[in-house]
Amino acid sequence: MKYKESGAGDPLILIHGFPFHSDLWEPQLANVAPGWHYIAPDLRGFGDTPLDGATLTMDRFADDIVALLDDKGIDQAVMLGLSMGGYVALSLVMRHPDRVRALVLAATRANADTPDAAEKRRQQAADVRANGTSAVIEGMLPKLFSAHSRMKLPETVAAVRTMMEATPPETMAGALEGMADRPDYTDRLGEIDVSTLVIRGEQDEIIPAGDMEAIARSVRGARQEVISLAGHLPNREDPEVFNNVLHKFLSGLPPAFKLGDLSLSF
Ligand code: MLT
């Protein structure tokens, strides 16, 4: 699995959304919280990581991240997932809770697709395989940014388009099917027992505010931050505020537990 990294210290994994790659996190990799080591993988099939003929599921993406932690000798990391990356972070915390030190869920949801939404994604997957990725890109791009960002940030919009256009059709189709099949974690949010921050753009057209509020309500002690004038990509639309919120959360975390810290007294 290919990744970009920046900084030194405690690990934070930045998990990109669909259909992007690790460059989504450019403004975060350029401004790392002091004492932190950011690692931004390209999920399987995206960016520089090959698909290798795999079926894409949120669980597979999560297991790939666990394999990356193993490779790098990392026991536990903070997981930051945006949108589809949040679906992956939820799979990770449910299936590998001991590997997650804390969670940041940005522009995402715990609920599964409705049957209609899942069916639409499967049709889109078939269309991508037959006709390429441009219909998905053109349909999605205007919804990714708030009207304010579309007007003020044409270079960011262009950079995001370039990332989307770099996604191969088979990856895009596979990830659409993987998202259509993802489980509903709404009733399991109470199992999460790590510090959790929910970040949403005030004008996100893709994830309804209620879906994010439900996560913030159901995860014990979760805090929610709303980034005004941002849409579905708050980390790109207002990197300064996003980074401030993230740095504050990271600096407030309890110290990492390490096996070596355990001293036994008799
Ligand atoms: C994403 O940004 O990852 C996607 O919008 C998620 C989705 O389509 O559900």
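Up top you'll find the structure we're talking about.
Just so we're clear, the structure is a prediction, and the values are computed from it rather than from any experiment. (Residues numbered from 1 in each chain as written. Predicted model: local features only at pLDDT ≥ 70, side-chain atom pairs only at ≥ 80, totals over all residues. Heavy atoms only, no water.)

Let us look at the layout of surface pockets. Its volume calculated, the largest pocket comes out at about 580 Å³. Lining of the largest pocket is provided by 25 residues; of these, Arg-109, Lys-120, Arg-121, Gln-124 and Ile-206 occupy positions nearest its centre. When contributions to the lining of the largest pocket are tallied by element, the ones reaching two or more residues are helix 3 (84–95), helix 4 (115–131), helix 5 (134–144) and helix 8 (169–180). (1 Å grid on protein atoms, 1.4 Å probe; cavity = no way out; pocket = protein on both sides within 12 Å on 5 of 7 lines; lining within 4 Å. Points joined across faces, edges and corners; volume = space filled by probe spheres on them. Helix = DSSP H or I, 4+ residues; strand = E, 2+ residues; numbered from the N terminus.)

A few words on the sheet that holds strand 3 (residues 36–41). A sheet is described by the order of its strands in space; here 7 strands give the open sequence 1-3-2-4-5-6-7, paired in mixed fashion. In this open sheet, the two edge strands, each paired with only one partner strand, are strand 1 (3–7) and strand 7 (223–227). Neighbour-to-neighbour, the strand axes of the sheet open up by a mean angle of 20 degrees, direction not taken into account. The pairing of strand 1 with strand 3 spans 5 bridges and is antiparallel. Residue Ser-6 lies in a different strand from strand 3, and its bridge partner there is Tyr-38. (Pairing = 2+ DSSP bridges. Axes fitted to C-alpha atoms, helices over the stretch in contact; angles between N-to-C directions.)

Under the 1.5 Å per step criterion, the end-to-end length of helix 11 (residues 239–251) is 18 Å for 13 residues, consistent within 8% with the ideal 18 Å. Taken together, the buried positions of helix 11 are Phe-242, Asn-243, Val-245, Leu-246, His-247, Phe-249 and Leu-250. (Expected span 1.5 Å × (residues − 1). Buried < 20%, exposed > 50% of the residue type's maximum accessible area, 1.4 Å probe, protein only.)

As a further point, take the packing of aromatic side chains. Scanning the entire structure with this criterion turns up 1 aromatic pair. Relative to Phe-61, the ring of Phe-46 has its centre 6.2 Å away and its plane inclined at 55 degrees; by these criteria the two rings are tilted. Residue Phe-46 is located in the loop between strand 3 and helix 2 (58–71), and its partner Phe-61 is located in helix 2; the two are separated by 15 residues in the primary sequence. Accessibility classification places Phe-46 together with Phe-61 in one group, the buried group. Seen from the ring of Tyr-87, Arg-182 lies directly overhead, with NZ or CZ sitting 3.9 Å from the centre. (Phe/Tyr/Trp six-rings, centres within 6.5 Å; stacked < 30°, edge-to-face > 60°. Lys NZ or Arg CZ within 6 Å of the ring centre and 35° of its normal.)

Following the sequence through the fold, Asp-204 ends up in the loop between strand 6 (195–201) and helix 9 (209–218). Engagement of the side chain of Asp-204 in a polar contact is seen with the backbone nitrogen of Ile-206, the distance being 2.8 Å. A polar contact of 3.0 Å, which involves the side chain of Asp-204, links it to the backbone nitrogen of Ile-207. (Polar contact = N/O pair within 3.5 Å; in protein donor to acceptor, adjacent residues only side chain to side chain.)

Taken together, the residues surrounding the ligand are Gly-17, Phe-18, Ser-83, Met-84, Tyr-87, Arg-109, Arg-121, Met-140, Met-179, Ile-206 and His-232. The side chain of Arg-121 places a nitrogen or oxygen atom 2.8 Å from an oxygen atom of the ligand. One of the side-chain N or O atoms of His-232 is found 2.8 Å from an oxygen atom in the ligand. Relative to its unbound accessible surface of 270 Å², the ligand loses 96% to contact with the protein. (Near = heavy atom within 4 Å. Areas by Shrake-Rupley, 256 points an atom, 1.4 Å probe, with all protein chains shown as cover.)

The contact between helix 4 and helix 8 brings their axes to 8 Å, and the two run at 170 degrees. Relative to helix 8, the element helix 4 lies roughly antiparallel. Crossing angle aside, the handedness with which helix 4 passes helix 8 is left-handed. Along its contact with helix 4, which presents Ala-118, Arg-121, Arg-122, Gln-124, Ala-125, Val-128 and Arg-129, the element helix 8 presents Pro-169, Glu-170, Met-172, Ala-173, Gly-174, Leu-176, Glu-177, Met-179 and Ala-180. (Parallel < 35°, antiparallel > 145°, perpendicular 65-115°, else oblique. Left-handed = near helix turned anticlockwise from the far one by under 90°. Contact = heavy atoms within 4.5 Å.)

Before going further, it helps to examine the nonpolar core. Counting 87 residues, the largest nonpolar core has Phe-18, Tyr-38, Met-79, Met-84 and Leu-250 as its most contacted members. By residue number, the principal contributor to this core is helix 3, which donates 8 residues. (Core = buried A, V, L, I, M, F, W, Y, C linked by side-chain atoms within 4.5 Å.)

In this model, helix 4 (17 residues) spans 24 Å end to end at C-alpha, consistent with the 24 Å of a helix rising 1.5 Å per residue. For helix 4, the set of buried residues is Ala-118, Arg-121, Ala-125 and Val-128. Along the axis of helix 4, the buried positions cluster into a sector of 75 degrees, meaning they face one direction only. In this structure, helix 4 carries Pro-115, Asp-116, Ala-130 and Asn-131 as exposed residues pointing more than 90 degrees from its buried face. Packing partners of the buried residues in helix 4 comprise helix 3, helix 5 and helix 8. Gly-132, located one to two residues past helix 4, shows a positive phi value of around 95 degrees. (Arc of directions from axis to C-beta.)

Keep in mind these values describe shape, not function.
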